[in-house]
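The lines below spell out each chain.
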Amino acid sequence: MARVHVTSWQETYRGSMPDSVLDDPALPAAREGFWTAALTDERWSNNHAAVAEANGHIIGVAMSGPPEDPEAVEDRQLYLIYVEALHHGSGAGPALLNAVLDPRQSAVWWVAERNPRTHAFMRKHGFAPDGRSQTQDGIRAVRWVRRADQP
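Calculation rules
- Residues numbered from 1 in each chain as written.
- Predicted model: local features only at pLDDT ≥ 70, side-chain atom pairs only at ≥ 80, totals over all residues.
- Heavy atoms only, no water.
- Pairing = 2+ DSSP bridges.
- Helix = DSSP H or I, 4+ residues; strand = E, 2+ residues; numbered from the N terminus.
- Axes fitted to C-alpha atoms, helices over the stretch in contact; angles between N-to-C directions.
- Contact = heavy atoms within 4.5 Å.
- Core = buried A, V, L, I, M, F, W, Y, C linked by side-chain atoms within 4.5 Å.
- Buried < 20%, exposed > 50% of the residue type's maximum accessible area, 1.4 Å probe, protein only.
- Phe/Tyr/Trp six-rings, centres within 6.5 Å; stacked < 30°, edge-to-face > 60°.
- Lys NZ or Arg CZ within 6 Å of the ring centre and 35° of its normal.
- Salt bridge = Lys/Arg side-chain N within 4 Å of Asp/Glu carboxyl O.

S.K.: Sorry if this is basic, but what is going on with the sheet that holds strand 5 (residues 128-136) here?
M.R.: Across a sheet, strands are paired by hydrogen bonds formed along the backbone, either parallel or antiparallel in direction. On the basis of which strands lie adjacent, the open sheet formed by six strands has the order 1-2-3-4-6-5 and mixed pairing. Single-partner strands in this sheet number two, and they are strand 1 (48-54) and strand 5. Averaged over all neighbouring strand pairs, the angle between strand axes comes to 25°, with direction disregarded. As defined by bridge partners, strand 5 adjoins strand 6 (residues 139-146) across six bridges and the pair is classed as antiparallel. What sits directly across from Pro129, in strand 6, is Trp144. Of the strands in this sheet, strand 2 (57-65), strand 3 (76-83) and strand 4 (107-112) touch helix 1 (residues 2-13), which is tilted by about 85° from strand 3. Lying on the sheet, helix 4 (residues 92-100) is in contact with strand 1, strand 2, strand 3 and strand 6; it crosses strand 3 at an angle near 155°.

S.K.: Quick question: what am I supposed to make of the nonpolar core here?
M.R.: Across soluble globular proteins, you tend to see nonpolar side chains buried next to one another. The biggest cluster of nonpolar side chains holds 20 residues, and the ones touching the most others in it are Leu78, Ile81, Leu96, Leu97, Leu101, Trp109 and Phe127. Counting residues per element, the ones that place at least two in this core are strand 1, strand 2, strand 3, helix 4, strand 4, helix 5 (116-124) and strand 6. With four residues, the single largest contributor to this core is helix 4. The contact partners of Leu96, leaving out residues within four places of it in the chain, are Ala50, Val51, Ala52, Gly60, Val61, Ala62, Ile81, Tyr82 and Val83.

S.K.: Teacher, can you tell me more about the packing of aromatic side chains here?
M.R.: The description of an aromatic ring pair uses the distance of the two centres, along with the angle that the planes make with each other. Applying the stated criterion across every chain yields a total of three aromatic pairs. Pairing Tyr13 with Tyr82 gives two aromatic rings, centres 6.4 Å apart and planes at 85°, and the pair type is edge-to-face. Here Tyr82 lies in strand 3 and Tyr13 lies in helix 1, a separation of 69 residues in the sequence. Neither Tyr13 nor Tyr82 differs from the other in exposure class; each is buried. Aromatic pair Phe34 and Trp35: ring centres 5.2 Å apart, planes at 85°, arrangement edge-to-face. Since its relative accessible area comes to 3%, Trp35 is described here as buried. Of note, Arg31 hangs over the ring of Phe34, and the distance from its end group to the ring centre comes to 4.7 Å.

S.K.: Is there a simple way to think about the pattern of salt bridges in this case?
M.R.: This structure, assessed with the given rule, holds 10 salt bridges. The shortest N-O distance in the salt bridge between Arg132 and Asp69 comes to 3.4 Å. Highlighted residues: Arg132 in strand 5 and Asp69 in the loop between strand 2 and strand 3, separated in sequence by 63 residues. Classification of Arg132 as partly exposed rests on a relative accessible area of 38%. Judged by its relative accessible area of 28%, Asp69 falls in the partly exposed class. Its salt-bridge partner being Arg147, residue Glu74 comes within 3.6 Å of it at the nearest N-O pair. Highlighted residues: Glu74 in the loop between strand 2 and strand 3 and Arg147 in the segment after strand 6, separated in sequence by 73 residues. You can call Glu74 buried: its relative accessible area is 6%. The class of Arg147 is exposed, set by a relative accessible area of 53%. Taken together, the shared-partner salt bridges in this structure form one network comprising Glu74, Asp130, Arg143 and Arg147.

Here it is in structure tokens:
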């Protein structure tokens, strides 16, 4: 999971994040620590994580949980969803999204402002920007929201 996370960051954010961050030799271990905590720490027990596989190898990861913003009205937050570029268009992204988000629940997701491929994916799956943005680690992110499906 950490390998896919790092590879996807490098494929997605090259040119937006400093190469020194993306190529830091400590990054894989840091992401491994992140995933170990996300999957084992009781604090994250309300999160949902999923992987996509092809030919016995993990090619995508996703995770959602309670919204980080205490004032959020949405039911869930999509924390991350990454699919290795080689597998874009394979259906792994929608499968991961459906695995970690129930369409009957509203959801929020912060996405890098300069990420047109992800923006198209978001629109296709019912998300729309709500006008809020923030800058974290030098990356400007836009808040996208998906309303719950109605029965």
